[in-house]
Amino acid sequence: DQQVKQNSPSLSVQEGRISILNCDYTNSMFDYFLWYKKYPAEGPTFLISISSIKDKNEDGRFTVFLNKSAKHLSLHIVPSQPGDSAVYFCAASAWDGGSQGNLIFGKGTKLSVKP
Amino acid sequence: GAGVSQSPSNKVTEKGKDVELRCDPISGHTALYWYRQRLGQGLEFLIYFQGNSAPDKSGLPSDRFSAERTGESVSTLTIQRTQQEDSAVYLCASSGRLSGRITGELFFGEGSRLTVL
């Protein structure tokens, strides 16, 4: 059973427009969420995170929104640029009081930003 | 370098052979993770280390898979009697600690691509 779901395997947007990548989770114990970006033949790189005590975190063109009641988070990229074309992974973790434990990743969404 | 280093970057082996994959985490990072990504799939958690101990081995697919970490540094992932379904990119990541909780911001290596013929 997938605990972190990214239901859109791909997304195509025009340069300059907004990209919205969605992620749903099932485990109510998750309290820390992250987005990673991955280019081909490279390891994923951390993009932005959000704690469950917040509902929004912004970093430049990237904003993550968290809706705990819906167990849903989204990543907004605005304006989108061709260099943003990559696979985006949503990840979640639960604090067990001792250590973080592992991060559970979604299957990823491939974003293509067209010039 | 300052990042997570993995070796080999590519490994082609015959079915039934054993392979060892190595990970050098970022110096000082207490947590070390192994994930794998099969073709067209997401990141599949295998195991993580807190220091030299492995609190969570739940992701190891079978008893052919094992991992160890020594000196709170280098980790080795060993796959015995490899099968074709083991073909994947094996990614290692490390993470530091902030305010008693690992930040969760994993720093990944470039991965070791394993092909089992």
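Residues numbered from 1 in each chain as written. Chains lettered and ligands numbered in written order. Predicted model: local features only at pLDDT ≥ 70, side-chain atom pairs only at ≥ 80, totals over all residues. Heavy atoms only, no water.

Student: Honestly, the overall build of chain A in this entry has me stumped. Any pointers?
Tutor: Regarding its fold elements, chain A presents zero helices and 11 strands. Along chain A, helices and strands appear, N-terminal first, in the series β-β-β-β-β-β-β-β-β-β-β. The C-alpha atoms of chain A give 14 Å as radius of gyration, which agrees with the globular expectation for 115 residues (13 Å, within 12%). Across the 115 residues of chain A, 45% fall into the buried class. Pairs at least 24 residues apart make up 55% of the contacts formed inside chain A by residues separated by at least 6 positions. As presented, chain A carries roughly 5,500 Å² of accessible surface, and 50% of it is formed by carbon and sulfur atoms. Side chains of chain A give 12 positive and 10 negative charges; the mean places of these two sets differ by 6 Å. (Helix = DSSP H or I, 4+ residues; strand = E, 2+ residues; numbered from the N terminus. Rg over C-alpha atoms; globule rule 2.2 N^0.38 Å. Buried < 20%, exposed > 50% of the residue type's maximum accessible area, 1.4 Å probe, protein only. Contact = heavy atoms within 4.5 Å. Areas by Shrake-Rupley, 256 points an atom, 1.4 Å probe, with all protein chains shown as cover. Lys, Arg positive; Asp, Glu negative; His and termini not counted. Charge placed at Lys NZ, Arg CZ, Asp CG, Glu CD.)

Student: Is there a simple way to think about the state of the cysteines in this case?
Tutor: As used here, a disulfide is simply a covalent bond connecting the sulfur atoms of two cysteines. One pass over the full model with this rule turns up two disulfides over all chains. Across a sulfur-sulfur distance of 2.0 Å, A:Cys23 and A:Cys90 are joined as a disulfide pair. With the S-S dihedral at roughly -75°, the linkage between A:Cys23 and A:Cys90 falls on the left-handed side. Here A:Cys23, found in strand E3 (residues 19-25), pairs with A:Cys90, found in strand E9 (residues 86-93); they are 67 residues apart in sequence, far enough to count as distant. This pair shows no difference in class: A:Cys23 is buried, exactly as A:Cys90 is. There is a disulfide in this structure between B:Cys23 and B:Cys92, and the S-S distance comes to 1.8 Å. Torsion about the S-S bond of the B:Cys23 and B:Cys92 cystine: about -65°, corresponding to left-handed handedness. Linking B:Cys23 in strand E3 (residues 19-24) with B:Cys92 in strand E9 (residues 88-95), this pair joins segments that are 69 residues apart in sequence. For the pair B:Cys23 and B:Cys92, one class covers both residues: buried. (Disulfide = S-S within 2.5 Å.)

Student: Is there a simple way to explain the nonpolar core in this structure?
Tutor: Counting residues in each nonpolar core, the largest one holds 23 residues, and the members touching the most others are A:Phe33, A:Trp35, A:Leu73, A:Leu75 and A:Tyr88. Taken together, the elements giving at least two residues each to this core come down to E3, strand E4 (32-38), strand E5 (45-51), strand E7 (62-67), strand E8 (72-77), E9 and strand E11 (109-114) of chain A. Looking at this core element by element, the count peaks at four residues for E9(A). B:Val4, B:Val19, B:Leu21 and B:Ile79 belong to the second-largest nonpolar core, a separate cluster that totals 19 residues. (Core = buried A, V, L, I, M, F, W, Y, C linked by side-chain atoms within 4.5 Å.)

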